[in-house]
Amino acid sequence: MADLQAALGAHMSTALTAEFGPDYARTDPLIRPSTFADFQSNVALALAKRLGLPPGEVAERIAGHLAEAAMCERAEVSGQGFINITLSDTWVGGAAATQLGDPLLGVPVSDRPQRVVVDYSSPNVAKEMHVGHLRTTIVGDAVVRMLECLGHTVIRANHIGDWGTNFGMLLEHLADIGEQAAYAQLAAGEINEFYQAAKVKFDADPAFADRSRRRVVALQAGDQ
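A. Representation of the sheet that holds strand 1 (residues 31-33) within the structure. Strand order in the open sheet made by the 4 strands is 1-2-4-3, with antiparallel pairing throughout. In this open sheet, the two edge strands, each paired with only one partner strand, are strand 1 and strand 3 (72-78). Within the sheet, the average angular offset between the axes of one strand and its neighbour, ignoring direction, is 25°. As defined by bridge partners, strand 1 adjoins strand 2 (residues 39-41) across 3 bridges and the pair is classed as antiparallel. Residue Arg 32 lies in a different strand from strand 2, and its bridge partner there is Gln 40. Lying on the sheet, helix 3 (residues 55-66) is in contact with strand 3 and strand 4 (82-87); it crosses strand 3 at an angle near 175°.

B. Layout of the nonpolar core. Ranked by internal contacts, the top residues of the largest apolar core, which has 23 residues, are Leu 8, Met 12, Leu 16, Ile 62, Leu 66, Ile 83 and Ile 85. Ignoring sequence-local partners within four residues, the contact set of Leu 66 consists of His 11, Met 12, Ala 15, Cys 72, Ala 75, Ile 83 and Ile 85. Of all hydrophobic cores here, the second largest spans 10 residues; its members include Leu 170, Ala 182, Tyr 195 and Phe 202.

Cut-offs and rules
- Residues numbered from 1 in each chain as written.
- Predicted model: local features only at pLDDT ≥ 70, side-chain atom pairs only at ≥ 80, totals over all residues.
- Heavy atoms only, no water.
- Pairing = 2+ DSSP bridges.
- Helix = DSSP H or I, 4+ residues; strand = E, 2+ residues; numbered from the N terminus.
- Axes fitted to C-alpha atoms, helices over the stretch in contact; angles between N-to-C directions.
- Contact = heavy atoms within 4.5 Å.
- Core = buried A, V, L, I, M, F, W, Y, C linked by side-chain atoms within 4.5 Å.
- Buried < 20%, exposed > 50% of the residue type's maximum accessible area, 1.4 Å probe, protein only.

Shown next as structure tokens:
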């Protein structure tokens, strides 16, 4: 619909220039979908005062030019100066066939392609994932597809963080409560509760926090 309005707007600009001169080429054609035809233009009403002419006469003069355009089946004036525009089935069919034959469906490729990095959901893998991660991943992929369609080179990123303090914190908490208790809690899906319990200890107990940091150093050094 937007493409049709843009194409029709270009014809309207040509018609305004031919009838009233180049000063009117950039006039907003005021084209909208219509229940009486494919589209309706109210531009004659807006131009009448500026031209010092009755809206109906302005509309008739514009419609005469539009009727000559290949995309228009007919352009008719109604009411006080509305222009009802019916598109040519042959032209619409040809335009649709052209778009179907184009992998980009007529979307223009950027003349200044860039290298773009798109970061997806970047979850904290020490916590349970939730629908928010799914949402941001879908949004990220939609952005990637649009940018690639426009000709940009896209680098996909989904940074899940380093082996930071949160992992040391979780491992120390696991060591404190024992593997069996930890397994039972995590197998039951209580991942957030496990994380929160470890965080409470980390914030309240300096010795636990120190052990957690040392655990990260050992983890990063490859300690089995």
